[in-house]
Amino acid sequence: MIRNFFITAFRNLKRDKVYTAINVAGLTLGIACGITIFVLVRFETSFDDFHTKADRIYRVNLLQKSASGRRTNGYNFYPLGEVIRSEVSGLEAVTSMHHNYSFQFAMGENIYEGEHAFFVDSAYFSVFDGEWLLGNPRTAFREPNTVVVTDQFAKKYLGGVEPAMDSTFVFDQTLTLKVNGVLKTPPHNTDMPYSMLISYPSLPAYVPRSTDNWKWVGWGTTFIALQESTGPRQIRSQLHKVKQKYLTEDDAKRTSFVLMPLKNNHHRNGNYNSFTYDFPLPLLIILSVVAGMIAFIACINFINLATAQSLNRAREVGIRKTLGSSRIQLIVQYASEALVITLIAVALGLALARVPMQIINARAGYTYLNYDFFQSPSMVLFLTSIILLITLLAGFYPAFVLSGFKPVKALQGKISSGKPKGLNLRRVLVITQFVGAQVLILVTAIVIYQINHLRERPIGFDTEAIVFTVLPDTTQDITTFKQQLSRNPNIQDITFGWGGPLLNAGRIQFYGEEGETYKQPGVIHYGDEQYISMFERTLLAGTNFSADRANPINEVIVNQAMIKALEIANPDEAIGEIFTLGESEITIRGVINDTYTNAFSSKIDPLVLQYDPSRFSGVAIKIAPDQVAETLQFIETTWKETYPDHLIDIRFLDETLDKQYSFFDMVLSVLQPAAFLAILIGCMGLYGLISFMTVRRTKEVGIRKVLGATVTNIIFMFTRESLLLVAIAFILAAPAGYFLGQAFLMELPERIPPGVELFVATLLVSLTIALLTIYYRSSRAAATNPADSLRYE
């Protein structure tokens, strides 16, 4: 009997090719989207879960209070790890580390660049797991100037795994390191993707301030592994005692040590102090909701089309019941058709999912999403759940409706005159489909509107003509480098410093005559006399820094927002005024016009521009736009002559600014196709509703045409009700889309309210697409010959 069910199912699907194609297409698109997002979410939630003690590992973060609010810092005081190890009980292991995101290293005359070097102590592998290929983990990190590298690093730079042992190289022109171990390269789903691990005793020679310094927070991090019988609460009370003992009284009041579970490091590290990138937990939840929404819309589409087809199969039901089929048998029969369609859609969805995954992997630059569907137990469980869920959701209701037909009425073809109850349900289903589709369209539009607003706002200078590079950790050759660059007529301007409009900025606290109680937050840039001309700022009052004489470090240039914060009436009155920056008294020597200070906000912070050569860590160069390649080559040649032991990394300012929005570009790469799929599948559901209506009202259409109704009148009859459903869906979708869009942008410090035009455009798009769908299906019904419509058989 089961075999007969499936044979019949295949025959019915083969007979009605349009119905089968639309159903399979809708489910395939929904399943492909769901699979892609599932794999993405699975990857992002798997970070560092491969460590044996992952559920007992915590990162010790800082919670610091200031005038600008509370700030969580993933980095910590360098001596903290050793103190916790000796003074806090209930811990299995404690490890300290220092992270370098990028570095340079030299082997002979060759210089290379690398990423993710960690200074770690001997307890690192007592906390975290790692696969050793060569070397001894108990002794590898005891002595200074030793390093353990990954097999990938060894093969690329050191001639292979075994030849790498005992080889040496110079790290950042500071440390000569000897390789005494080789590790398996860690997987991509880790926030510690080290290429090398340097012994912690090497750190004082590399970061002199890292020894016994409780005032300065650099790039040090502390991780702890709790004993199985220990809870976080027991550790927090002991950390409070450590804070009171080692920090000054004022610092202790403003500072707390916070334990963050390792599993949260990738999703809830709100201060962006993970070693790779943060993928906020709310975004994971929203993406999961999007996947579920697409799949649900596809199921609704299935139901609409299946029940629309029910009228065409009424006589089949009548014959089967007359010949003795029970209702259960009929339900199983029609549910088996749903299972066949679902299996076909899953197979096609698996193949289709390759496309977005390859696109995402290409954008990431590595195998970000693995196509290992049948090697992962979670994926097998996910696919099995999809098959069962869709079969039950999308197959049960149509099967229940079909199996409920009365044999006499079914054989007489009178099913179409039934009660409108089923039609009301279909209206709800179509409204639900378009609510989901319009929510996704609105969210996508809101995110695009916000990011485009930030990208396209005028920032007051030409970013395309400016390149910049980071300077070596020395200032002795700045003058020589500048003089050499100035010889090229294609170089129009040069400025040394750190920070710039929408770029890196140090956070500061300042106050005026009111006193320390009225501290306010701001930002600081370091620059020379060319800063103003480079970034096309206007000097409103006072004087610029001087190239001919010394510039006192306590004389600064501020922006208009700063003098407003200091309650100074105008730029002229600000010259010579004194305010307190940190613990120093600062004199205002000049005032420049305001410009944006945050890439993700339209708010303009109070800005201090200070001339401090010890802080100059980069150089910005404005070049002639018609000689870019030649000028870049000249800059590289000049760099090699001035800094022969360092590689140059030239970046275009406009590209660097644009990369700041890469996270939202990734979000849009998911939202845009999801919104398109939702509206496409929604239109399929609308097609199903119109199909049902045309079949149910076939004789009514014939009578209307006999009485003189035109094709336009018939089309309008179907259009009016369907467009009303789309409009109702929009009324429900508008508030949901608004709040979901704001949730997507919750990481931004400031959000721009979406304009009414976004909602109007969404409604018009939905109505237009729906109208085309309605017109296509209803015009066929309206063009039917009345003689065929009114014929009994």
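Conventions used here
- Residues numbered from 1 in each chain as written.
- Predicted model: local features only at pLDDT ≥ 70, side-chain atom pairs only at ≥ 80, totals over all residues.
- Heavy atoms only, no water.
- Helix = DSSP H or I, 4+ residues; strand = E, 2+ residues; numbered from the N terminus.
- Buried < 20%, exposed > 50% of the residue type's maximum accessible area, 1.4 Å probe, protein only.
- Contact = heavy atoms within 4.5 Å.
- Areas by Shrake-Rupley, 256 points an atom, 1.4 Å probe, with all protein chains shown as cover.
- Expected span 1.5 Å × (residues − 1).
- Patch = residues over 30% accessible without salt bridge, like charges linked within 9 Å, V, L, I, M, F, W, Y side chains within 5 Å.
- Salt bridge = Lys/Arg side-chain N within 4 Å of Asp/Glu carboxyl O.
- Axes fitted to C-alpha atoms, helices over the stretch in contact; angles between N-to-C directions.
- Parallel < 35°, antiparallel > 145°, perpendicular 65-115°, else oblique.
- Left-handed = near helix turned anticlockwise from the far one by under 90°.
- Nonpolar A, V, L, I, M, F, W, Y, C, P; charged D, E, K, R; others polar.
- Core = buried A, V, L, I, M, F, W, Y, C linked by side-chain atoms within 4.5 Å.
- 1 Å grid on protein atoms, 1.4 Å probe; cavity = no way out; pocket = protein on both sides within 12 Å on 5 of 7 lines; lining within 4 Å.
- Points joined across faces, edges and corners; volume = space filled by probe spheres on them.
- Phe/Tyr/Trp six-rings, centres within 6.5 Å; stacked < 30°, edge-to-face > 60°.
- Lys NZ or Arg CZ within 6 Å of the ring centre and 35° of its normal.

Asker: Teacher, can you tell me more about the overall build of the protein here?
Answerer: Tallying secondary structure elements over the protein gives 27 helices and 23 strands in all. Taken across its 793 residues, the protein has 52% of its residues classed as buried. Relative to all contacts within the protein whose residues are 6 or more apart in sequence, the contacts with residues 24 or more apart total 80%. Within the structure as shown, the protein displays about 36700 Å² of accessible surface, and the carbon and sulfur contribution to it stands at 56%.

Asker: It is not clear to me how the environment of Ile648 should be interpreted in this structure. Could you clarify?
Answerer: Mapped onto the secondary structure, Ile648 falls in the loop between helix H21 (628-642) and strand E23 (651-652). For the pair Ile648 and Val470, spaced 178 residues apart in sequence, the C-alpha separation works out to 7.7 Å. Residues within four places of Ile648 in sequence aside, it is in contact with Thr469, Ile635, Glu636 and Trp639.

Asker: What is the right way to look at helix H26 (residues 756-782) in this model?
Answerer: Given a rise of 1.5 Å per residue, 27 residues ought to cover 39 Å, and the 37 Å separating the end C-alpha atoms of H26 matches this to within 8%. Along H26, the residues classified as buried are Leu758, Phe759, Thr762, Ser766, Ala770, Thr773, Ile774, Arg777, Ser778, Ser779, Ala781 and Ala782.

Asker: Please explain a nonpolar patch on the surface as it appears in this structure.
Answerer: Taken together, the side chains of Leu352, Val355 and Ile359 present a nonpolar region at the surface, about 240 Å² in accessible area. Here Val355 is to be found in helix H13 (residues 354-364). A relative accessible area of 44% means that Val355 is categorised as partly exposed.

Asker: Would you mind going over the packing of helix H3 (residues 80-87) against helix H8 (residues 232-246) with me for this structure?
Answerer: Geometrically, a packed helix pair is captured by the angle between its two axes and the distance between the axes. One way to put it is that H3 packs onto H8 with a least axis distance of 11 Å and a crossing angle of 125°. Between H3 and H8, the interaxial angle falls into the category oblique. Classified by chirality, the crossing of H8 by H3 is right-handed. In this structure, H3 uses Leu80, Val83, Ile84 and Glu87 to contact H8, whose residues at the interface are Gln238, Leu239, Val242, Lys245 and Tyr246. Here the contact of H3 with H8 is built from residues that sort into six nonpolar, one polar and two charged.

Asker: Any chance you could explain the nonpolar core here in plain terms?
Answerer: When a protein is soluble and globular, its nonpolar side chains tend to lie buried together. Ranked by internal contacts, the top residues of the largest apolar core, which has 88 residues, are Ile35, Ile294, Phe434 and Val447. Sequence-distant contacts of Val447, that is, excluding residues within four places in its chain, are made with Phe664, Leu668, Leu671, Phe744 and Leu745. By size, the runner-up hydrophobic cluster in this structure holds 55 residues, among which are Leu471, Ala620, Ile648 and Leu657.

Asker: Looking at this structure, I do not really get empty space enclosed by the protein. What am I missing?
Answerer: The gaps of empty space that remain are located by a probe, the size of a water molecule, rolled over the atoms. Enumeration over the complete set of coordinates arrives at two cavities of 30 Å³ or more. Its boundaries defined by the atoms lining it, the second largest cavity holds a volume of some 40 Å³. Forming the walls of the second largest cavity are Leu40, Phe279, Leu283, Leu287, Met666, Val667 and Val670. Broken down by secondary-structure element, the contributors of at least two residues to the lining of the second largest cavity are helix H10 (281-310) and helix H23 (662-696). No other element matches the three residues that H23 contributes to the lining of the second largest cavity. Broken down by class, the residue content of the lining of the second largest cavity amounts to seven nonpolar, no polar and no charged.

Asker: Would you mind going over the packing of aromatic side chains with me for this structure?
Answerer: Aromatic rings considered in pairs are described by the distance between their centres and by the relative angle of their planes. According to the stated counting rule, one finds 37 aromatic pairs in the structure shown. Seen in terms of ring centroids, Tyr75 and Trp219 are 5.0 Å apart; in terms of plane orientation they differ by 80°. Their pairing is edge-to-face. Taken together, the residues Tyr75 in the loop between strand E2 (69-73) and strand E3 (76-77) and Trp219 in strand E11 (residues 217-226) connect sequence positions 144 residues apart. Its relative accessible area of 5% is what places Tyr75 among the buried residues. One aromatic cluster in this structure is built from Phe103, Phe105, Tyr112, Phe119, Phe153, Tyr157, Phe169, Phe171 and Tyr206. The ring of Tyr75 carries the charged tip of Arg59 above its face, separated from the ring centre by 5.7 Å. Taking NZ or CZ as reference, Arg457 lies 4.3 Å from the ring centre of Tyr596, over its face.

Asker: Please clarify how the pattern of salt bridges should be interpreted in this entry.
Answerer: Once their charged atoms are close, side chains differing in charge can pair, the charge on each being opposite to the other. If you walk through the whole model with that rule in mind, you get 16 salt bridges. Residues Asp251 and Arg254 are paired through a salt bridge, measuring 3.1 Å at the closest nitrogen-oxygen approach. Here Arg254 and Asp251 lie together in helix H9 (residues 249-254), a separation of three residues that amounts to about one turn. By relative accessible area, Asp251 is classed as buried at 14%. Residue classification places Arg254 among the partly exposed residues on the basis of a relative accessible area of 37%. In this structure, Glu529 and Lys482 form a salt bridge, with 3.1 Å as the shortest nitrogen-oxygen distance. Of this pair, Glu529 sits in the loop between strand E16 (520-527) and helix H18 (531-534) while Lys482 is found in helix H17 (residues 478-486), placing the two residues 47 residues apart along the sequence. Residue Glu529 is classed as buried on the basis of its relative accessible area, which comes to 12%.

Asker: Sorry, what's going on with the environment of Val290 here?
Answerer: You can see Val290 is positioned in helix H10. Residues within four places of Val290 in sequence aside, it is in contact with Ile37, Leu440, Leu671 and Ala674.

Asker: Looking at this structure, I do not really get the packing of helix H25 (residues 711-744) against H26. What am I missing?
Answerer: Two numbers describe how H25 lies on H26: the axes approach to 8 Å, and their chain directions differ by 150°. On the basis of their axis angle, the class for H25 and H26 is roughly antiparallel. The two elements H25 and H26 meet at a crossing, and its hand is right-handed. Residues Val711, Ile714, Ile715, Phe718, Thr719, Ser722, Leu723, Val726, Phe730, Ala734 and Tyr738 of H25 form the contact with H26, whose own contacting residues are Phe759, Thr762, Leu763, Ser766, Leu767, Ala770, Leu771, Ile774, Tyr775, Ser778, Ser779 and Ala782. Looking at side-chain class alone, the contact of H25 with H26 contains 17 nonpolar, six polar and no charged residues.

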